[in-house]
Amino acid sequence: MLDELRTLLAPKLQTTRARARQKERGRGARTAILVSVGAVFWAFAFGVLHRLLAYFRGVPEIGPLLAGKLLGLILVSFFSILLLSNIIAALSSFFLARDLDLLASAPVDWLSLYSAKLLETGVNSSWMVVLMAVPMLTAYGTVYDGGGAFIGLAIAILVPFLIIPAAIGSALTLVLVNAFPARRTRDILSVIAVLAAAGIVVLFRLVRPEKLARPEGFRSLVDFIAILRTPTSPFLPSEWAGRSVMGWLTGSLDLLPIYLLWSTAAAAVVLGALLHRGLYARGFTKAQESGERWAREGWLGRFAHSALSPLGIVRRELVMKEIRVFFRDTTQWSQLILLAVLVVVYVFNIKFLPLTGEGITFFIVNLVPFLNLALAGFVLASVAARFIFPGVSLEGRTWWLLRASPLPVRELLWSKFWVGMVPLLVLALAIVGVTNSLLHVSVFMFAVSVFTITLMTFALAGLAIGFGTMFPRFETENAAQIPTSFGGLLYMMSAVGVIGAVIVLEARPVYSYVSAISFRGGEPPPTMELVLGFGLAAVVCLTATFWPIRIAIRRLEALER
Amino acid sequence: MIELRSLTKRYGSFTAVNSVDLDVPRGELFGFLGPNGAGKTTTLRMIAGILRPSSGTVRIAGVDLAKQPTEAKQKLGFIPDRPFIYEKLTGVEFLRFVAGLYGQSGEDVERRGRELLALFDLEEWRDELVESYSHGMRQKLIISSAFVHKPEVIVVDEPMVGLDPKAARTLKDLFREYTRRGNTIMMSTHTLEVAQSMCDRIAIIQRGVIRACGTMDDLRASAESGVSGLEEIFLRLTGEGLARELIEVLDA
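Note that the structure is predicted; figures quoted are calculated from it, not measured. (Residues numbered from 1 in each chain as written. Chains lettered and ligands numbered in written order. Predicted model: local features only at pLDDT ≥ 70, side-chain atom pairs only at ≥ 80, totals over all residues.)

K.L.:
So what exactly am I meant to see when it comes to helix 1 (residues 40-47) of chain B here?
P.N.:
Quick reminder: α-helices carry 3.6 residues per turn. Residues three or four places apart thus point the same way. All names here are of chain B. Burial analysis of helix 1 places eight of its eight residues in the buried class, which makes it a mostly covered element. By the burial criterion, the buried members of helix 1 are Lys-40, Thr-41, Thr-42, Thr-43, Leu-44, Arg-45, Met-46 and Ile-47. Residue Gly-49 follows helix 1 closely and has a positive phi angle near 85 degrees. (Buried ≥ 20, exposed ≤ 12 C-beta atoms within 10 Å, placed from the backbone. Helix = DSSP H or I, 4+ residues; strand = E, 2+ residues; numbered from the N terminus.)

So this is what it looks like as structure tokens:
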């Protein structure tokens, strides 16, 4: 059986090895950037956590309890993420992968197939969590002097912690596929996953974990300690993992949680294998079916058709195609739910900012909306990364059609720009408008906000089209995976750079104006300073809009596939 | 209608198409044959404007593809060998979209779309998303899309792959009628009977070089004496298909 398993896994390993050895232009620079960004992320996560834990360690009695609570919160988030991503990854690897026809027709033992696919699912959905867990566990180990053996303990805990959601997630997917056809299941899963993620975000906000850091909010210290001592979820593997880690670090290691982790992992795999033996063949057959999918054009389509007519036939058809494809692809539109939650949480946080009362000056009240612009910019950049960045990659398989047609590449890219930019601008203006109203800002700040966010939206959309074309992922079938690519990372870095530049350039005139109103009795600052600051910000934004698209046009014209 | 001059395509040190010269006049159905990896698809994709030649020129209906790509492509329809199309569009929406790419819309396009879908028995599927189409149905839809904007030249890579016998017959009739009306088709195929029965002229390409080009009589002449069918000519010219290895392979 082991030989068979090795044979099944060999193509994946060989592909990974071949990809690593591939000589590609700019590969060195790409690896260097990825490694540096990874190192910065690790250093940042480690630094923040180390500082926090060092502070906790200095607090007698409740310090270790707080550290344990924090670890529990992190681990429960990891566990939810792992479960969700395993459910989705299992659908691809067990039911939709391209190698399945070959494997199904080969005399492969069911247990080998299950083991190989479980491993594939687990690795695909866990690597990111493992990368995030490394700086976290290192911070715990160093602050609490875990010693060299802590590494061994961390591995012994992490392995079953990853196996459990992989086995449970695969089993859940197996049951779902048996209940629905696979293509429908993918749609349903996408919505479930996004709703669950949204639920986690909302719950996390409603629980307001920052309350724990303010014991004065509790009736007595005893109440506070009692809350800290109560396990949040005694039946969850995250709780067992947390207890094992804190037990080792505080010198009171209890072996029961480790035993629970391993025995549950073993049980999950055995039960998952039995379920696989009973249901897989039926599920796999069902996965080959696709439901009837009719799509007749309704009044909305006809309205959009006539509303877009002034654009001309080519542009109208391109825009109509983009809209249809987007709203019929569940993996795409379902992300809108997550986006809505993100925006609501953001506005909710702004609403509860303590901006009234003693010590809160006119200056601070006006400064917050300015910083709000930077945050809104980050929200918009992540939205653009989700929806605009993958645009060109998604044309990969149909590129022959566009290339063989007389459609100029310029038209294609600008159509994609406008289709992405207009809704992004509406969102941007809505966020800024609502938050500024909640903050009761001055007319000047309102005007600055609208001006800046409009320019920023153009720049973010232009950068997304540009980077999405320069670093395409033509072979990816799932649009949701495209923003997490190397190009997506570069896009986010450049977006942060542009937002930062705009804020820095506008900071001076805004500071002068606000301080003039607050401290110099309303005398306005020199016009030259205002023009220069805002003018340069506009130049940065317009350059970030047009320049990447120009490069993208050249790249796409030279593209051969 | 199609003029290729010293058309060459190199991938690094490998030359996929080596200085090909070819003229396909108006009203001709031209067959393009060759073993796997001979350079057929690369040549057709260069004519369709998908790949850029390393050197040489392509002219479509007298228009230079490199200098006036939009004008040249306006006269061209391309049918690829692999039917990748937008999964989330319906059949009729796809046809409308393709016509739109060529700047056409309105009642004429709708009527032509309906007729083409009916011709290939796709009427009942017109409002169904492409993701539920079979391989053959997708191929039929792509073939329909190549005709929807009424091009003067059609370039086809392996048209018969995945088609049922009825659709294959329809396609042959369509191609014949289309060229009879003064349009031009250049198609690559591995089905030698199709090429022999349908094409006015045939070119055989091997390792990026045209080995022979002409009518069946011309090809017979260049393949030396004693051969009559296209299969024999093809095997003789490309030097392949010798059965010597068969027994060795089966015995191995």
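K.L.:
Would you take a moment to explain the interface of chain A and chain B for this structure?
P.N.:
Size of an interface: often given as the accessible area lost when the parts come together. At the interface, 26 residues of chain A touch 32 residues of chain B. Elements supplying a minimum of two residues to the side of chain A that touches chain B: helix 12 (313-328) and helix 16 (399-404) of chain A. Class assignment for the residues of the side of chain A that touches chain B results in eleven nonpolar, three polar and twelve charged. (Contact = placed C-beta atoms within 7 Å. Nonpolar A, V, L, I, M, F, W, Y, C, P; charged D, E, K, R; others polar.)

K.L.:
I tried to follow the environment of A:Arg550 on my own but got confused; where do I start?
P.N.:
Residues and elements named next belong to chain A. Mapped onto the elements, Arg-550 comes out in helix 20 (residues 527-558). Taking the number of C-beta atoms within 10 Å as the measure of exposure, Arg-550 has 14 and is therefore partly exposed. Sequence separation of Arg-550 and Gly-141 is 409 residues, and the distance between their C-alpha atoms is 50 Å.

K.L.:
Looking at this structure, how should I read the pairing of strand 3 (residues 29-33) of chain B?
P.N.:
Two faces, one strand: in a regular strand the side chains alternate between the faces of the sheet. Residue and element names in this part refer to chain B. By the criterion of burial, strand 3 is predominantly enclosed, with five of the five residues buried. A two-sided burial pattern is seen for strand 3, the buried positions comprising Leu-29, Gly-31 and Leu-33 on one face and Phe-30 and Phe-32 on the other. With four bridges joining them, strand 3 and strand 8 (residues 184-188) adopt parallel strand pairing. Within strand 8, the residue paired with Phe-32 across the bridge is Ser-188. (Pairing = 2+ DSSP bridges.)

K.L.:
Help me understand the sheet that holds strand 4 (residues 55-60) of chain B, please; the structure alone is not making it clear to me.
P.N.:
Backbone-to-backbone hydrogen bonds pair the strands of a sheet. The strands run either parallel or antiparallel. Residue and element names in this part refer to chain B. Within the open sheet, the four strands sit side by side as 2-1-4-5. Their pairing is antiparallel. Strands with a single pairing partner mark the edges of an open sheet, and in this sheet they are strand 2 (14-24) and strand 5 (63-64). In this structure, strand 4 lies alongside strand 5, joined through two bridges in antiparallel fashion. From the neighbouring strand, Arg-59 faces strand 5, where its bridge partner is Asp-64. In the packing of helix 1 onto the sheet, contacts are made with strand 1 (2-11), strand 2 and strand 4, and the angle to strand 1 comes to roughly 120 degrees. (Axes fitted to C-alpha atoms, helices over the stretch in contact; angles between N-to-C directions.)

K.L.:
Is there a simple way to think about the packing of helix 3 (residues 91-101) of chain B against helix 4 (residues 107-119) of chain B in this case?
P.N.:
To characterise two packed helices, one gives the angle between the axes of the helices and the distance between these axes. Residue and element names in this part refer to chain B. Here helix 3 crosses helix 4 at 130 degrees, and the two axes come no closer than 10 Å. In terms of axis orientation, helix 3 runs oblique to helix 4. For the crossing formed where helix 3 meets helix 4, the hand is right-handed. The segment helix 3 lies against helix 4, with Gly-91, Val-92, Leu-95, Arg-96 and Ala-99 engaging Val-109, Gly-113 and Leu-117. A per-class count over the contact of helix 3 with helix 4 returns five nonpolar, two polar and one charged. (Parallel < 35°, antiparallel > 145°, perpendicular 65-115°, else oblique. Left-handed = near helix turned anticlockwise from the far one by under 90°.)

K.L.:
Explanation requested: the sheet that holds strand 9 (residues 201-206) of chain B in the structure shown.
P.N.:
Residues and elements named next belong to chain B. What the six strands build is an open sheet, ordered 6-7-8-3-9-10; its pairing is mixed. With one partner strand each, in any of the chains shown, strand 6 (76-79) and strand 10 (209-214) form the two edges of the open sheet. Strand-to-strand, the axes of this sheet are offset by a mean angle of 15 degrees, without reference to chain direction. Packing against the sheet, helix 5 (residues 135-148) makes contact with strand 6 and strand 7 (153-157), and its axis sits at approximately 175 degrees to strand 6.

K.L.:
Looking at this structure, I do not really get the domain arrangement of chain B. What am I missing?
P.N.:
Residue and element names in this part refer to chain B. Under the domain assignment used here, chain B contains domain 1 (1-75 + 156-166 + 174-252) and domain 2 (87-150). A straight line from the C-alpha centre of domain 1 to that of domain 2 covers 27 Å. Residue composition of the side of domain 1 that touches domain 2, grouped by class: three nonpolar, two polar and one charged. (Domains from an automatic or database assignment.)

K.L.:
Any chance you could explain the pairing of strand 4 of chain B here in plain terms?
P.N.:
Residue and element names in this part refer to chain B. By the bridge criterion, five bridges tie strand 1 to strand 4 in an arrangement that is antiparallel. Bridging across to strand 4, Ile-2 finds its partner in Ile-60. Here strand 4 folds back onto strand 5 in antiparallel fashion, the turn holding two residues, of which Ala-61 has a positive phi close to 50 degrees.

K.L.:
What is the right way to look at helix 3 of chain B in this model?
P.N.:
Along helix 3 of chain B, eleven of the eleven residues are buried, which leaves the element largely enclosed by surrounding structure. Every buried residue belonging to helix 3 of chain B is among B:Gly91, B:Val92, B:Glu93, B:Phe94, B:Leu95, B:Arg96, B:Phe97, B:Val98, B:Ala99, B:Gly100 and B:Leu101, and all of these are buried. Those residues of helix 3 of chain B that are buried are in contact with helix 12 and helix 16 of chain A together with helix 4 and helix 5 of chain B. Positive backbone phi, at 75 degrees, marks B:Gly103, one or two positions downstream of helix 3 of chain B.

K.L.:
Just checking my understanding: could you explain the confidence of the model for chain B for this structure?
P.N.:
Detailed reading of predicted coordinates is not advised where the pLDDT is low. Averaged over all residues, the pLDDT of chain B equals 87, while 92% of them reach at least 70. Confidence scores differ between elements of chain B, with helix 10 (residues 244-251) of chain B showing the lowest mean pLDDT of 63 and strand 4 of chain B the highest of 94. (pLDDT = per-residue confidence, 0-100.)

K.L.:
Would you mind going over the packing of helix 1 (residues 2-21) of chain A against helix 5 (residues 110-143) of chain A with me for this structure?
P.N.:
Residues and elements named next belong to chain A. Two numbers describe how helix 1 lies on helix 5: the axes approach to 9 Å, and their chain directions differ by 35 degrees. For the crossing formed where helix 1 meets helix 5, the hand is right-handed. Contact residues: Glu-4, Leu-5, Leu-8, Leu-9 and Lys-12 in helix 1; Ser-112, Leu-113, Ser-115, Ala-116, Leu-119 and Glu-120 in helix 5. For the contact of helix 1 with helix 5, the residue count by class is six nonpolar, two polar and three charged.

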